[in-house]
Every structure is written in structure tokens, then in C-alpha cells.
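Structural features, examined
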Amino acid sequence: VAPLARVDAPWVTRSGLSQLALSARDRIAIEGGLSLDLGRALTLDTQVLAVTPRAGQTGARLAAPWVSWADTQVPLAIGTFVRDAALPGGGSGQLTLQAGQRLDVSGQVVTQGIGRLGLASDGDLLLQKPSAGLAGDGRLATAADLSLSARQIYPATDTGFVIDATGQTVDIAI
């Protein structure tokens, strides 16, 4: 599926934007070699984060004091047909989400095309269930080796959250 929109990281940097919110029903694909540092906040609202290698570059890094990866999208339904949730898929991509203060992972999210996923915060890493109106516990499903790093890692109050990295290495550093 061809992307519907493209955000140019060097343009974002030159523009002086301090916060950026991106939303996609299917997925947000990040090109290898991308490095984006925002001064305030980054919000990624999508079920799937993917990395697509570009010119031999497989790593990508997105950073801001506050980073949120949430799936607030209502599942696509046509009549009684509801599209199945996305499945995780491995790959050669590497993605780091880096928060200076707080990193939130909310809803039922998945990675694709990623072999190494880093979720890091100099402060808190908060795991949350889907937003109001969406059923189920929170879930991160990945076919990547996973690294969680923060001063505190915890689920929100009264929240079930599953990290599914079956068959992969999971490192947790507090």
C-alpha cells in the first residue's frame, strides 16, 4: 500500500516545530536513517509502527520530552465484517522511541519490519489500555528484540497490559 502522506523530517526540524502529531488508520512507516528530535512532544496514533530500510540504512530514532504511541482508531467495519487486527512482523529495521520525561504506550499496538525496538525514557514508561470506547487490555505485540528502559516502568491504574515478544530477547533496565 502506497503511503498517503509523507512528512519530511529535515523540513520539520528547519520549521522549528516543537510538537508533532501523526495519525493513520493502518500504519505509520518510518524510513531507515530518520532521526527526529522535537522540543516538546511527539504523538503517534496508529496501530502499527513500521520501519522501511532506505539506501542501506535500517535504524530510525524519534525523540521528544513527551512521546506517545497510541492506537485510538476504531476498527474498520463494513456491515458485520470487522477487519482483523494487524499481526507483528519482524524485519531488519531498528526503531528507538526516546522520551526525555515520559513515554506512553496505549492501546493494542504492533510493530512490523522491525528487528530491534527500543522504548526509552529518562523518566517514566507508562503502559495503558485502549482509550474509552475500545475494548480489551493494552498490548504491545512485536517480532523484534525489545529493550525497555526508564526510571519507572508501570501500567496505568486498573490496567491490564501484555507485552508479547514471543521468541525474542526482552531487556528491561530501570
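In case you missed it, the structure is sitting above this.
In short, a report on the structure. Computed from a predicted model, the values in this text were never measured in an experiment.

Once that is clear, we can look at the environment of Q98. If you trace the backbone, Q98 turns up in strand β9 (residues 89–106). Once the C-alpha coordinates of Q98 and A120 are considered, the two residues, 22 residues apart in sequence, prove to be 4.9 Å apart. Filtering out sequence-adjacent residues up to four positions away, Q98 remains in contact with R61, L62, A63, A64, V67, A120, S121 and D122.

The topology assignment puts T46 in the loop between β4 (41–45) and β5 (48–52). Judged by relative accessible area, which is 0%, T46 ranks as buried. Polar contacts involving the side chain of T46 include one to the main-chain carbonyl oxygen of A24, which spans 3.0 Å. One polar contact links the side chain of T46 to the main-chain carbonyl oxygen of V48, over a distance of 3.5 Å.

The next point concerns the pattern of salt bridges. Applying the stated criterion across every chain yields a total of six salt bridges. Measuring nitrogen to oxygen at the nearest pair gives 3.8 Å for the salt bridge that ties D171 to R116. You can see D171 sitting in strand β16 (residues 170–173) and its partner R116 sitting in strand β10 (residues 108–121), a full 55 residues away along the chain. Judged by its relative accessible area of 37%, D171 is partly exposed. Classification of R116 by relative accessible area gives partly exposed; the value is 31%. A salt bridge links D124 to R151; the shortest N-O distance between them is 3.6 Å. Here R151 lies in the loop between β13 (145–149) and β14 (152–155) and D124 lies in strand β11 (residues 124–128), a separation of 27 residues in the sequence. With a relative accessible area of 14%, D124 lands in the buried category. Here R151 falls in the exposed class, since its relative accessible area comes to 55%.

Conventions adopted
Residues take numbers from 1 onward in each chain, read along the sequence in its written order. At least 70 in pLDDT is required for a residue's local features to be given in this predicted model, at least 80 for side-chain atom pairs to be given and counted, and no such filter applies to totals for whole chains, interfaces and linings, which use all residues. Note that water and hydrogens are dropped before the side-chain values are worked out from all heavy atoms of the structure. Each helix is a run of H or I in the DSSP string that is no shorter than four residues. Each strand is a run of E no shorter than two, and both are numbered from the N terminus. Contacts: residue pairs with any heavy atoms within 4.5 Å of one another. The buried label applies to any residue whose accessible area, calculated with a 1.4 Å probe on protein chains only, is under 20% of its type's maximum; exposed applies above 50%, and partly exposed to all values in between. Two N or O atoms form a polar contact when they lie within 3.5 Å of each other; inside protein one atom must be a possible hydrogen donor and the other a possible acceptor, and for residues adjacent in sequence the pair counts only when both atoms belong to side chains. By salt bridge we mean one thing: a side-chain nitrogen of Lys or Arg within 4 Å of a carboxyl oxygen of Asp or Glu.

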